[in-house]
Amino acid sequence: MPLKILFAASECHPFAKTGGLADVVGSLPKYLHELGHDVRVVLPRYYNVDRTKLNRHPAPLGVPMGIIGELWCGIYEGKLPGSEVPVYFIDYEQYFGRENLYTTDGGSGFLDNDNRFVFLSRAAMQLAKMLDFHPNILHCHDWHTAACALYLNTIYANDDHFRECASILTIHNMQYQGEFYNGLMNVLAVGWEHFNFREIERYDRVNLLKAGVTHSTMMSTVSPFYSQEILTPDFGYDLEDTLATRKHDLWGILNGVDLVDWNPKTDKTLPARFDASNLKGKAECKKALQKEMGLPVRNVPIVAMVSRLVSQKGFDVIAEAIHDLLAMDIQMVLLGSGEAWAHFYFGDIAFLYPNKFACKIGFDAALSHRIEAGADMFLMPSRFEPCGLNQMYSQLYGTLPIVHGVGGLEDTVQNYNEATGEGTGFKFYGLTAKNLTNTVGWAVHTWYNRKEHFAAMQKRAMELNYSWAVSAKTYEMLYYEALKRSNKPQP
Ligand code: ADP
Ligand code: GLC
């Protein structure tokens, strides 16, 4: 039977994006909708979301914020492009009327991120009531909306409106937990009895992700391997014990790719298009990329990176290896933004190696497509990677990933086998500059000397099936299972 599903999230492509969370929230609901479900998405109305393209609801929404009192916000409504999925934007200028989503330009988190995202979570609950939308599934994403699961079990536990509702928390990243001063309990307003080690408290602070882990009916992570890794101290970021108590309610479901957005055969952002049967267009994309990035147009392998520049992504290790990497006859292209040191460091490297290293600091969606298309290899030495989308985009664009074998990278990249020619990329284990350099060297050597293997891998990678259709079906199973486990009536 069809379900009513409410997604509550802090990002959604194309409205607001810093990373892959936006890609997931911008595409999974469309596929669930195609399966016949009534899916709706709740998001903040950040400064960059253009209100003139949306419909304003006539009535404002009241959001109780504990000690702060009731805050009133506007509601705007739009649709996920190319679909009938409604998106509701919570319009509260004081919290969300900022260009950046989470941080100041200097990169430090806004001081009121606690109130901002508790507000978003509570607003999602109140909005469901205002719309007379009775969800069967409340789908929270990361710490920003984890409090919805807590609310469902506390303030709204006896509310008839949510009588048929179970909650899902999808963990996209264990590193960010939304941990704040414990005075936030007075804003959450669920009662101090929940401020204990088992539920919300960690080192005398409020930990919103932990609240979601303990209170959600079921959980998922964005790849099967990561769902195992986070139960260990190396990847659990101190919540592994709490997670272990719920490991039977935790599934790993691989992210998919939105093939409307990411398809080299139809991609309008590219100077030329191509597919697995004919890579001529890719060669044109490569030349155009070299021109665009100010690199000499030569037939050398291009190793590309598109990323948030944060410790998760291993850019400190790339920095350590960079002179050895650039000693090879290659070009490197970097698009990214994040930690300030990386902006300066890689800017300097571009200055030192003008013919080999090109870098653009900033966020540029169209350029990220042109890089995926024009490069030969894509470097992702992540310390941990819950799923990772770029290595999937790369493979579909015939650009072979070079990855550290963790999380979703381990699940999605098949290592090159020199003897048989099998594989779709190059993997290493143990995140050191030496391993990284050796593996890039291996990929470069293959590009120069085993051309037939490299070409066969490109073709194999481009033919992989990463459609959301498969994962959406698994989410559907998760939803039904959550309803069963919560003992809520099933539609
Ligand atoms: P994460 O969510 O951890 O950042 P993912 O690989 O899952 O990593 O997703 C990153 C997404 O953000 C991809 O769609 C990638 O293309 C995009 N992205 C990251 N940095 C930039 C940037 N500077 N410009 C454009 N797109 C970017
Ligand atoms: C997170 C993870 C990334 C994942 C994305 C979408 O930002 O870092 O690995 O692909 O969420 O789920």
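Residues numbered from 1 in each chain as written. Chains lettered and ligands numbered in written order. Predicted model: local features only at pLDDT ≥ 70, side-chain atom pairs only at ≥ 80, totals over all residues. Heavy atoms only, no water.

Student: Let's hear about the nonpolar core: which residues, and what values?
Tutor: Core analysis: the biggest nonpolar cluster contains 134 residues, and Ile90, Phe119 and Leu188 have the highest contact counts within it. The greatest single-element share of this core, amounting to nine residues, is contributed by helix 3 (residues 113-130). If we ignore the near neighbours within four places in the chain, the residues touching isoleucine 90 are Val42, Leu43, Pro44, Arg45, Cys73, Gly74, Ile75, Phe96, Phe119, Leu120, Ala123 and Leu127. Counting 36 residues, the second largest nonpolar core, distinct from the first, contains Ile402, Tyr416, Leu436 and Ala443. (Core = buried A, V, L, I, M, F, W, Y, C linked by side-chain atoms within 4.5 Å. Buried < 20%, exposed > 50% of the residue type's maximum accessible area, 1.4 Å probe, protein only. Helix = DSSP H or I, 4+ residues; strand = E, 2+ residues; numbered from the N terminus. Contact = heavy atoms within 4.5 Å.)

Student: Describe the site of ligand 2, with residues and values.
Tutor: What surrounds ligand 2 is a group of 14 residues, the closest being His172, Asn255, Glu385, Cys387 and Gly388. Side-chain polar atom of histidine 172 to an oxygen atom of ligand 2: 2.6 Å apart, as the coordinates give it. At a separation of 3.0 Å, an oxygen atom of ligand 2 approaches a polar side-chain atom of glutamine 312. Expressed as a share of its isolated accessible area of 310 Å², the protein-covered part of ligand 2 is 94%. Of the residues in the shell around ligand 2, the class split is six nonpolar, six polar and two charged. (Near = heavy atom within 4 Å. Polar contact = N/O pair within 3.5 Å; in protein donor to acceptor, adjacent residues only side chain to side chain. Areas by Shrake-Rupley, 256 points an atom, 1.4 Å probe, with all protein chains shown as cover. Nonpolar A, V, L, I, M, F, W, Y, C, P; charged D, E, K, R; others polar.)

Student: Account for the site of ligand 1, naming residues and giving values.
Tutor: Among the 21 residues in the neighbourhood of ligand 1, the closest are listed as Lys17, Gly20, Arg308, Lys313 and Gly362. The separation between an oxygen atom of ligand 1 and a polar side-chain atom of lysine 313 is 2.7 Å. In this structure, asparagine 390 approaches ligand 1 through a side-chain N or O atom, which is 3.3 Å from an oxygen atom. Summarising the interface, the protein chains cover 94% of the accessible area of ligand 1, which totals 560 Å² for the free molecule. Of all the elements in the fold, those that place two or more residues in the shell around ligand 1 are helix 1 (20-34), strand 14 (302-309), strand 15 (331-338), helix 13 (365-374) and helix 14 (390-396). Considering only residue class, the shell around ligand 1 consists of six nonpolar, nine polar and six charged.

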